[in-house]
Amino acid sequence: MSEEPARSEAETMIAEAKKALFVMVGLLAVLWLVQIVNAVDDYGIGRDLGIEPRDPASLPDVLTSPFMHSSWGHIEANSGPLFIFGFLAAYRGVKKWFAVSLLIIVASGLGVWFTAPSNSVTVGASGLLFGYFGYVIVRGLFDRHPIDIVIGLVMALCFAYQFTSLLPTDERVSWQGHLFGFAGGIIGGWVFRDRRPKAVAAPDPATALLPKDLS
């Protein structure tokens, strides 16, 4: 790779990383603003816009529940990891990040809607958080980017304790949202992988066809 294309690629990556930073700061600002309004309302908004399993009227809440939290401790616990994984998911391209985010939200929300206990209301961005976690782990493998492979491995090792949250260890925690969000992130890594055109080999001069008539 010549110096000029390499510099152009680096500049593009830096520009996308800046966009990713602004997007994640904006997302967290929205979550905290919603939390303030929700807390003032005694969490009535969260109860109205959270997912109620197998209730057809609650299907639209699949899209709103990630923006609600049940307490200040709940949003504090989600904010740090969400920012880290979300930024890593977005720094390769914000447009792709939006598509991956929507897939994760739908996968996590529908998983909760189908499998969570009856008479429960599920809210929180943890399904999205685990979706980004899964996406970051597998993206490098699907895209064949060495840097992203290393990032995925480091994140998997540093946050290995998060894998226990994919199992039903605490009835107060929506492991269903975590599990289906994580699965959505892995699917997103495959669906939105880089599809590079196959390189076409140059013809070998030694085996090139000669004209039939050389006279």
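Each value, and the rule that gives it
Residues numbered from 1 in each chain as written. Predicted model: local features only at pLDDT ≥ 70, side-chain atom pairs only at ≥ 80, totals over all residues. Heavy atoms only, no water. Phe/Tyr/Trp six-rings, centres within 6.5 Å; stacked < 30°, edge-to-face > 60°. Lys NZ or Arg CZ within 6 Å of the ring centre and 35° of its normal. pLDDT = per-residue confidence, 0-100. Helix = DSSP H or I, 4+ residues; strand = E, 2+ residues; numbered from the N terminus. UniProt positions renumbered as here; feature names shortened; annotations may be inferred. Buried < 20%, exposed > 50% of the residue type's maximum accessible area, 1.4 Å probe, protein only. Contact = heavy atoms within 4.5 Å. Axes fitted to C-alpha atoms, helices over the stretch in contact; angles between N-to-C directions. Parallel < 35°, antiparallel > 145°, perpendicular 65-115°, else oblique. Left-handed = near helix turned anticlockwise from the far one by under 90°. Core = buried A, V, L, I, M, F, W, Y, C linked by side-chain atoms within 4.5 Å. Patch = residues over 30% accessible without salt bridge, like charges linked within 9 Å, V, L, I, M, F, W, Y side chains within 5 Å. Areas by Shrake-Rupley, 256 points an atom, 1.4 Å probe, with all protein chains shown as cover. Salt bridge = Lys/Arg side-chain N within 4 Å of Asp/Glu carboxyl O. Expected span 1.5 Å × (residues − 1). Bend = angle between axes of the 7 residues up to and from the residue.

### Observations concerning the packing of aromatic side chains
Point 1. The tally for this structure, following the rule as stated, stands at twelve aromatic pairs.
Point 2. Three or more aromatic residues joined by ring pairs make a cluster, and in this case those are Phe85, Phe130, Phe133, Phe159, Tyr161, Phe163 and Phe182.
Point 3. Here the basic side chain of arginine 193 rests over the ring of tryptophan 190, its NZ or CZ set 3.6 Å away from the ring centre.

### Some remarks on the confidence of the model for the protein
Point 1. Of the residues in the protein, 87% have a pLDDT of 70 or more, and the chain-wide mean is 90.
Point 2. Mean pLDDT across the secondary structure elements of the protein bottoms out at helix 1 (residues 3-40), with 89, and peaks at helix 3 (residues 61-64), with 98.

### A few points about the UniProt feature "transmembrane region" (unreviewed entry) in the protein
Point 1. Following the UniProt record, one finds the feature "transmembrane region" (unreviewed entry) at residues 20-40, 71-90, 97-116, 122-142, 149-167 and 173-192.
Point 2. The straight-line gap between the two end C-alpha atoms of residues 149-167 is 25 Å; of that span, 53% is helix and 0% is strand.

### Observations concerning the side chain of arginine 139
Point 1. One can find arginine 139 in helix 6 (residues 126-143).
Point 2. Given the relative accessible area of 2%, arginine 139 is considered buried.
Point 3. For arginine 139, the contacting residues outside a window of four places in its chain are Leu88, Ala89, Tyr91, Arg92, Arg144 and Asp148.

### Quick look at the packing of helix 5 (residues 94-115) against helix 6
Point 1. It is the contact of helix 5 with helix 6, at a shortest axis distance of 10 Å, that shows an interaxial angle of 125 degrees. Classified by the interaxial angle, the pair formed by helix 5 and helix 6 is oblique. The element helix 5 and its partner helix 6 pack so that their crossing is right-handed. Of the residues in helix 6, those in contact with Lys96, Trp97, Val100, Ser101, Ile104, Ile105 and Ser108 of helix 5 are Gly127, Leu128, Gly131, Tyr132, Tyr135 and Asp143.

### A closer look at the nonpolar core
Point 1. The biggest cluster of nonpolar side chains holds 33 residues, and the ones touching the most others in it are Leu31, Leu82, Phe85, Trp97, Tyr132, Phe133 and Met155.
Point 2. Listing elements by their share of this core, those giving two or more residues are helix 1, helix 4 (72-90), helix 5, helix 6 and helix 7 (146-158).
Point 3. It is helix 6 that contributes the most residues to this core, nine residues altogether.
Point 4. Judged by nonpolar contacts, the second largest core, of five residues, contains Val62, Val112, Trp113 and Ala116.

### As for a nonpolar patch on the surface
Point 1. Among the surface-exposed residues, Leu59, Leu63, Leu102, Val106, Leu110 and Phe114 lie close enough to one another that they form a single nonpolar patch of about 510 Å² accessible area.
Point 2. Ranked by residues supplied to the nonpolar patch, first place goes to helix 5 with four residues.

### Observations regarding helix 4
Given 3.6 residues per turn, any residue in an α-helix points the same way as the ones three and four places further on.
Point 1. Taking 1.5 Å per residue, 19 residues should reach 27 Å; helix 4 reaches 26 Å between its end C-alpha atoms and fits that length.
Point 2. Where helix 4 bends most, the angle comes to about 30 degrees, and this point is serine 79, followed within four residues by the proline proline 81.
Point 3. Here helix 4 has its buried residues at Ile75, Asn78, Ser79, Pro81, Leu82, Phe85, Gly86, Leu88, Ala89 and Ala90.

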